[in-house]
Amino acid sequence: MPYNLFLIATITGYFILTYSQLFKYNIQRFSRERILFESILAGFLIIVGGFILRIIFNFITCGKVIPFLLEFLNKFPIEKPLYFWTFIFSSLISIFLAWLTNWVIIRYYPKNDQIVRAVNKNGDEIEKLFKDSAINGYLIQVTLKNEKVYVGFCEEIPIPKKTNYLKLSPYLSGYRNKDTKQLTITTDYEKVVDEFIAEIKEETGFDVDEITLNTDVIIKQDEILTATVYEQAVFDKFNKPQVEPEKQKRGRKANPKK
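The rules behind the values
Residues numbered from 1 in each chain as written. Predicted model: local features only at pLDDT ≥ 70, side-chain atom pairs only at ≥ 80, totals over all residues. Heavy atoms only, no water. Helix = DSSP H or I, 4+ residues; strand = E, 2+ residues; numbered from the N terminus. Buried < 20%, exposed > 50% of the residue type's maximum accessible area, 1.4 Å probe, protein only. Contact = heavy atoms within 4.5 Å. Areas by Shrake-Rupley, 256 points an atom, 1.4 Å probe, with all protein chains shown as cover. Polar contact = N/O pair within 3.5 Å; in protein donor to acceptor, adjacent residues only side chain to side chain. pLDDT = per-residue confidence, 0-100. Expected span 1.5 Å × (residues − 1). Arc of directions from axis to C-beta. Axes fitted to C-alpha atoms, helices over the stretch in contact; angles between N-to-C directions. Parallel < 35°, antiparallel > 145°, perpendicular 65-115°, else oblique. Left-handed = near helix turned anticlockwise from the far one by under 90°.

Visitor: How do you make sense of the overall build of the protein chain when you look at a structure like this?
Guide: Looking only at helices and strands, the protein chain features 9 helices and 6 strands. By the burial criterion, 31% of the 258 residues in the protein chain qualify as buried. Pairs at least 24 residues apart make up 62% of the contacts formed inside the protein chain by residues separated by at least 6 positions. Surface summary for the protein chain: the accessible area is close to 18200 Å², and the carbon and sulfur share equals 59%.

Laid out in structure tokens, this is it:
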């Protein structure tokens, strides 16, 4: 049995890993060497499964059908090494099963189930945080290396390592003081939307419930310094206005102890 027949199985294994809904999102993070190894392993399993099916089929048919099929297939004018057709049919059956699996998953399961599973298994902390925001509607706060801060929602679940960029729909934005790291909010996007709605009503006389602004921010993942869930109540607790020292002194003078 020539070993170059394993090339057919390896190519089939690679196709299934990159095409199947069950596997393609999980291999985004793999290196080329790892993908090659996984393809060879998948090809080996395909061939083992093919030979097992051949043995079972041969046993069920009492060894009468396979010789007849081989006699028919050998009429094709190509050079056929030993077990050539077993490799071919093993690969074709595997590709059909991958297609059938995809059809079942796409038809009967939520669209993002496999992406969520891939993020949970192979995603990093940032991708998991963005995934939770997309599923549960959490506001997340992202601080970049240039001290720019965005607070917003992630509207789509990121596929692990498909790209180095993440999309955020901002709710607030601002910056951190380089020395004190105090967060200052400079833009309230919800307020801006309300102003646009008011202007539309004033100009046209029509009431508009909501509008969509193209304010999505594309953030390079390498530029993210910190990221966390944002809660307005917690932010307000940590950002209470401080009483200036001079005012504190004046307060003590104006209210001397008795």
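After that view of the structure, there is still more to cover.
Visitor: Even after reading the chapter, I still don't get the side chain of Ser 169, so can you show me in this structure?
Guide: With respect to the helices, strands and loops of the structure, Ser 169 is situated in strand β3 (residues 165-176). With relative accessibility at 10%, the residue Ser 169 sits in the buried group. At 3.2 Å, the side chain of Ser 169 and the side chain of Glu 155 are in polar contact. Here the side chain of Ser 169 touches Asp 216 through a polar contact of 2.8 Å, side chain to side chain. Aside from chain neighbours lying at most four places away, what touches Ser 169 is Gly 152, Phe 153, Glu 155 and Asp 216.

Visitor: Explanation requested: the confidence of the model for the protein chain in the structure shown.
Guide: This prediction gives the protein chain a mean pLDDT of 78; 74% of its residues lie at or above 70. Note that pLDDT drops below 50 for residues 247-258; the model gives that stretch 1 contact with residues more than four away or on any other chain.

Visitor: Explain helix α1 (residues 6-19) here, please?
Guide: In an α-helix, one turn spans 3.6 residues; hence positions three or four apart end up facing the same way. The terminal C-alpha atoms of α1 lie 20 Å apart, and with 14 residues this matches the ideal 20 Å at 1.5 Å per residue to within 8%. Among the residues making up α1, those that are buried are Ala 9, Thr 10, Thr 12, Gly 13, Ile 16 and Leu 17. Axial view of α1: buried residues confined to an arc of 160°, hence all on one face. Exposed side of α1, more than 90 degrees from the buried face: Leu 7 and Ile 11 are the residues found there.

Visitor: Would you take a moment to explain the packing of α1 against helix α2 (residues 32-60) for this structure?
Guide: To describe two helices that pack against each other, one gives the angle between their axes and the distance between the axes. Interhelical geometry of α1 versus α2 gives an angle of 110° and a closest axis separation of 7 Å. In this view, α1 runs roughly perpendicular relative to α2, as classed from their interaxial angle. In terms of crossing hand, the pair formed by α1 and α2 is right-handed. On α2, the residues touching Ala 9, Thr 10, Thr 12, Gly 13, Tyr 14, Ile 16 and Leu 17 of α1 are Ile 35, Glu 38, Ser 39, Ile 40, Ala 42, Gly 43, Ile 46 and Ile 47.

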